[in-house]
Amino acid sequence: MVSADDDDELKRLMALGLDGDKAAYMAVLSAVAVRVRHYMARRLDHGPLANDIEDLVQVVLIGLHEKRATYDRNRPLMPWVYGIARYKLLEHLRASRRRLKDLGLNDIEAVLEIAEAPATDPAARHDVGKMLDKLAKGPREAVVATKLEGRTSQEVAAASGLTATALKVRVHRAMKALQRMAKED
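Quick look at the structure, then. From a predicted model like this one, the values you see are computed outputs, not experimental measurements. (Residues numbered from 1 in each chain as written. Predicted model: local features only at pLDDT ≥ 70, side-chain atom pairs only at ≥ 80, totals over all residues. Heavy atoms only, no water.)

**Digging into the pattern of salt bridges**
Going through the model one piece at a time under the given rule, you end up with 7 salt bridges. A salt bridge links Lys88 to Glu91; the nearest nitrogen and oxygen atoms lie 3.9 Å apart. Note that Lys88 and Glu91 are positioned in helix α4 (residues 77-102) at a spacing of 3 residues, about one turn of the helix. The class of Lys88 is buried, set by a relative accessible area of 16%. Residue Lys137 pairs with Glu141 through a salt bridge whose shortest N-O separation is 4.0 Å. Remark: Glu141 and Lys137 occur in helix α7 (residues 137-148); sequence separation between them is 4 residues, near one turn of the helix. (Salt bridge = Lys/Arg side-chain N within 4 Å of Asp/Glu carboxyl O. Helix = DSSP H or I, 4+ residues; strand = E, 2+ residues; numbered from the N terminus. Buried < 20%, exposed > 50% of the residue type's maximum accessible area, 1.4 Å probe, protein only.)

So this is what it looks like as structure tokens:
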């Protein structure tokens, strides 16, 4: 079984799977499921949708299977997978909006607004970019890598020379700063 942390091996296995190697394709799906589970858990684990994580993992794997022909073999696999995961998560959040409002959880609107804006509205994408530009380089890169690219804290920490805890603190403080900036606007 391939390690979920081995991007080159995942890319190689995906190429083999696209060429018809069923064992390679199953191995890549298994390894990707681990990463997608972590991706969803970071976003939903302590909230009202925590019970939906496994369902979302399966939805992402189905989406990956349906869109496998669009994968560019010359590019890394996981950013493509995280794009599918983000899209499926947003679909799920939209569908859950009414249920959460019935529970009295109105913060879902803010989550949807922030999550959807950069992908759909050029003006919002510009505004988010301007706010990110106001952050120092380290916090900005940490937020982009973990929140927008969907990379794990461990991956980003290793690349930046920080501990995972220090990186999480950096991201938390940067997100608070972005929230303050958004409120001021």
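Let's pick the thread back up.
**Regarding helix α1 (residues 7-18)**
An ideal rise of 1.5 Å per residue puts 16 Å on 12 residues; α1 measures up with 16 Å between its terminal C-alpha atoms. Listed in full, the buried residues belonging to α1 are Leu10, Leu13, Met14, Ala15 and Gly17. Positive phi appears at Gly20, one or two residues downstream of α1, with a value of about 110°. (Expected span 1.5 Å × (residues − 1).)

**Concerning the packing of α1 against helix α2 (residues 22-44)**
At a minimum axis distance of 8 Å, the contact between α1 and α2 shows a crossing angle of 140°. By the criterion of interaxial angle, the relationship of α1 to α2 is oblique. Judged by the twist between their axes, the crossing of α1 over α2 is left-handed. Residue-level contacts link Asp7, Leu10, Leu13, Met14, Leu16 and Gly17 of α1 to Ala24, Tyr25, Ala27, Val28, Ala31 and Arg35 of α2. Classifying every residue of the contact of α1 with α2 by side-chain character gives 9 nonpolar, 1 polar and 2 charged. (Axes fitted to C-alpha atoms, helices over the stretch in contact; angles between N-to-C directions. Parallel < 35°, antiparallel > 145°, perpendicular 65-115°, else oblique. Left-handed = near helix turned anticlockwise from the far one by under 90°. Contact = heavy atoms within 4.5 Å. Nonpolar A, V, L, I, M, F, W, Y, C, P; charged D, E, K, R; others polar.)

**With respect to the nonpolar core**
One finds Val32, Met40, Leu64 and Leu77 to be the most contacted residues of the largest nonpolar core, which totals 32 residues. Mapped by element, the contributors of at least two residues to this core are α1, α2, α3 (53-67) and α4. With 11 residues, the top contributor of residues to this core is α2. If near-sequence neighbours (up to four positions away) are discounted, Leu77 is found in contact with Leu10, Lys11, Met14, Val28, Val32 and Tyr71. (Core = buried A, V, L, I, M, F, W, Y, C linked by side-chain atoms within 4.5 Å.)

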